[in-house]
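# Survey of secondary and tertiary structure
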There are 2 protein chains.
Amino acid sequence: MQFWFDFGSTYSYVAALRIEDECARAGVAVEYKPFLLGPIFTELLGIKDSPFNAQPVRGRYMWRDLERLCEKYAIPWRRPTVFPRNSLLAARVACCAGTSIGPLTRAIFRANFVDDRDIADPDVLRQVIDSVGVDGARLVEAAQTPPVKARLRVQTSEAQRLGIFGAPDFVVNGELFFGQDRLEDAIAWAKRA
Amino acid sequence: MQFWFDFGSTYSYVAALRIEDECARAGVAVEYKPFLLGPIFTELLGIKDSPFNAQPVRGRYMWRDLERLCEKYAIPWRRPTVFPRNSLLAARVACCAGTSIGPLTRAIFRANFVDDRDIADPDVLRQVIDSVGVDGARLVEAAQTPPVKARLRVQTSEAQRLGIFGAPDFVVNGELFFGQDRLEDAIAWAKRA
């Protein structure tokens, strides 16, 4: 099952902290697919911000909903002081994380949504990467090379091709499930397939 | 638990066909709250159409998702030839349906999303109302009187006051849950309260 996410997305955070346990229980393998929501929102909605900021009534709901969801799933939560954080460098890091992608993804999400740290800052990212036992300096440098930049662009184009218009998403054999609350449905689809 | 819905809304249809069984199982009472999404979309998004039409990528996802959801919940489904159907008269009918509101709501939703009938047509509505053992001619006439028109306007304003920006929604002691896939969360909240 593919897990499509953006490090700036609140609901992606919830999915990222749940997906390994839920998929392990079901015997379903997870493939991490970081991408950027920004270009997609710009193309679809003509905005350069999160729809949760552009539409305050949706934003108010989302912040309350996140509190409830994190309580329900017993995962830590602190509303970040900056939203959305620029997720470009973090997504590039994830594109070259190799087999560390799972722990690294969770650590970056926690930095944003538990520790309220600026995940666009290379120093912050280096520390976060180091904290999961990977060489932060090396990975942040690799993340800024042309092949990795190209990989993220390709991945974001692939998200658009799949019909993705928000995050997180789960894709099983071309079937798209949008929203963290559809994780169980996606897993059921994967087991059925 | 309040159930806020619009007769033109596909996900409201799914919720309407599930809610009585789910709430009965949990011992939670349902209060039906018909309202109009149209004025809310116009105010929030500046559009006079469904966001699923205004954003085709979201629309494509929604139609596929509805097929999957109806299969999952074993409820009938046929994609209507007109979307969204004008739900004004149907919502007014629901506003004066009294104790018949449950069966009447399900019958109107089925007319739109199973039988592909035009629920904006007074003749269609009369037949649908008759089919649940209520006097269709009387109810359609009552629906077009000033007090009932006012009741629907008040209800739509109340939806806006609650922070509603889409449908369906479930409200429990002021807590808003948006989306048919949050029905279980809303019921859990009602039982906890």
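Residues numbered from 1 in each chain as written. Chains lettered and ligands numbered in written order. Predicted model: local features only at pLDDT ≥ 70, side-chain atom pairs only at ≥ 80, totals over all residues. Heavy atoms only, no water.

### Observations concerning the packing of helix H2 (residues 37-45) of chain A against helix H9 (residues 146-161) of chain A
All names here are of chain A. Let me state the cut-off plainly: Note on method: axes are straight lines fitted to C-alpha atoms, helices fitted across the in-contact stretch only, with angles between N-to-C directions ranging 0 to 180 degrees. Numbering of helices and strands starts at the N terminus; helices are DSSP runs of H or I of at least 4 residues and strands are runs of E of at least 2. In these notes the angle categories are as follows: under 35 degrees is roughly parallel, over 145 is roughly antiparallel, 65 to 115 is roughly perpendicular, and the rest is oblique. Here is the rule for handedness: rotate from the far helix to the near one, and if that takes an anticlockwise turn smaller than a right angle the crossing is left-handed, while a clockwise turn gives right-handed. The contact criterion used throughout is that any non-hydrogen atoms of two residues lie within 4.5 Å. Amino acid classes used here: Ala, Val, Leu, Ile, Met, Phe, Trp, Tyr, Cys and Pro are nonpolar; Asp, Glu, Lys and Arg are charged; the rest, including Gly, are polar.
Orientation of H2 relative to H9, taken along the N-to-C sense of each, is 45 degrees, at an axis distance of 10 Å. In terms of axis orientation, H2 runs oblique to H9. Between H2 and H9 lies a crossing of right-handed hand. Of the residues in H9, those touching H2 at Pro 39, Ile 40 and Glu 43 are Thr 156, Ala 159 and Gln 160. The class makeup of the residues in the contact of H2 with H9 is 3 nonpolar, 2 polar and 1 charged.

### Overview of the sheet that holds strand E1 (residues 2-5) of chain A
All names here are of chain A. The condition is simple: Two strands qualify as a pair provided DSSP detects at least 2 bridges between them.
Taken together, the 4 strands give an open sheet; going across it, the order is E2-E1-E3-E4, and neighbouring strands pair in mixed fashion. The two strands at the open ends of the sheet, each matched to only one other strand, are strand E2 (31-34) and strand E4 (175-178). This sheet shows a mean twist of 25 degrees between the axes of neighbouring strands, independent of strand direction. The sheet contact formed by E1 and strand E3 (residues 169-172) spans 3 bridges and is antiparallel. Among the inter-strand pairings, Phe 3 is bridged to a residue of E3, identified as Phe 170.

### Some words on the relation of the copies chain B and chain A
The criterion, for reference: Superposition of the copies used a least-squares fit over C-alpha atoms from residues whose pLDDT is at least 70 in both.
With an RMSD of 0.0 Å, the fit of chain B onto chain A corresponds to turning through 180 degrees and sliding 0.0 Å along the axis. On this basis, the relationship between the two copies can be described by a two-fold rotation axis. Closest approach to the rotation axis among the C-alpha atoms of chain B is made by Asp 181 of chain B, whose C-alpha sits 3.6 Å away. Both copies present the same face, since 100% of the interface residues in chain B are matched by interface residues at the equivalent positions in chain A.

### Things to note about the pairing of strand E3 (residues 169-172) of chain B
Residues and elements named next belong to chain B. We count it as follows: Each residue's exposure class comes from its accessible area (1.4 Å probe, protein chains only) as a fraction of the maximum for that residue type: buried when under 20%, exposed when over 50%, partly exposed otherwise.
Side-chain alternation along E3 places Asp 169 and Val 171 on one buried face and Phe 170 and Val 172 on a second face that is also buried. Pairing geometry for E3 and strand E4 (residues 175-178), over 4 bridges, is antiparallel. Along E4, the bridge assignment pairs Asp 169 with Phe 178. Counted along the chain from E3 to the antiparallel partner E4, the turn is 2 residues long, and its residue Asn 173 has a positive phi close to 50 degrees.

### Things to note about the interface of chain B and chain A
Our working definition: As a working definition, buried area equals the accessible area (1.4 Å probe) given up by two parts on being put together, with both sides summed. The term salt bridge refers to a side-chain nitrogen of Lys or Arg lying within 4 Å of a carboxyl oxygen of Asp or Glu.
In this complex, chain B contributes 23 residues to the contact, which on the side of chain A involves 23 residues. Between chain B and chain A the total buried area reaches about 2200 Å² when both faces are included, carbon and sulfur atoms providing 50% of it. At the junction of chain B and chain A, the tally comes to 10 salt bridges. Glu 175 of chain A is the salt-bridge partner of Arg 68 of chain B, the closest N and O atoms lying 2.6 Å from each other.

### Brief notes about the pattern of salt bridges
Going through the model one piece at a time under the given rule, you end up with 30 salt bridges over all chains. Put simply, Arg 126 of chain B and Asp 123 of chain B hold a salt bridge, and the shortest N to O gap is 2.6 Å. Of this pair, Arg 126 of chain B and Asp 123 of chain B both sit in helix H7 (residues 122-131), separated by 3 residues, roughly a single helical turn. Taking the relative accessible area as the measure of exposure, Arg 126 of chain B reaches 28% and is therefore partly exposed. For Asp 123 of chain B, a relative accessible area of 45% translates into the label partly exposed. It is possible to trace a salt-bridge network through shared partners that takes in Arg 64, Asp 65, Glu 67, Arg 68 and Lys 72 of chain A together with Glu 175, Arg 182 and Asp 185 of chain B.

### What about helix H5 (residues 88-95) of chain A?
Residues and elements named next belong to chain A. Among the 8 residues in H5, 7 count as buried, and that is most of the element. For H5, the complete set of buried residues consists of Leu 89, Ala 90, Ala 91, Arg 92, Val 93, Ala 94 and Cys 95. Buried-residue contacts for H5 involve E2, helix H6 (101-113), helix H7 (122-131), helix H8 (136-143) and H9.

### Here's the deal with the confidence of the model for chain A
The cut-off we apply is this: What pLDDT conveys is the predictor's confidence in a given residue, as a value from 0 to 100.
Looking at chain A, the pLDDT average stands at 97 and 100% of residues meet or exceed 70. Under the prediction, the complex receives an ipTM of 0.94, its pTM being 0.96.

### A look at the environment of Asp 118 of chain A
Residue and element names in this part refer to chain A. The line we're drawing: Under this definition, polar contacts are N or O atom pairs within 3.5 Å; protein pairs additionally need one hydrogen-donor-capable and one acceptor-capable atom, and for neighbouring residues in sequence, both atoms have to be side-chain atoms.
Here Asp 118 lies in the loop between H6 and H7. Along the chain, Asp 118 and Pro 80 lie 38 residues apart, while their C-alpha atoms are 9.2 Å from each other. Excluding residues within four positions of it along the chain, Asp 118 makes contact with Arg 85 and Val 124. Looking at Asp 118, its side chain comes within polar contact range of the main-chain nitrogen of Ala 120, at 3.0 Å.

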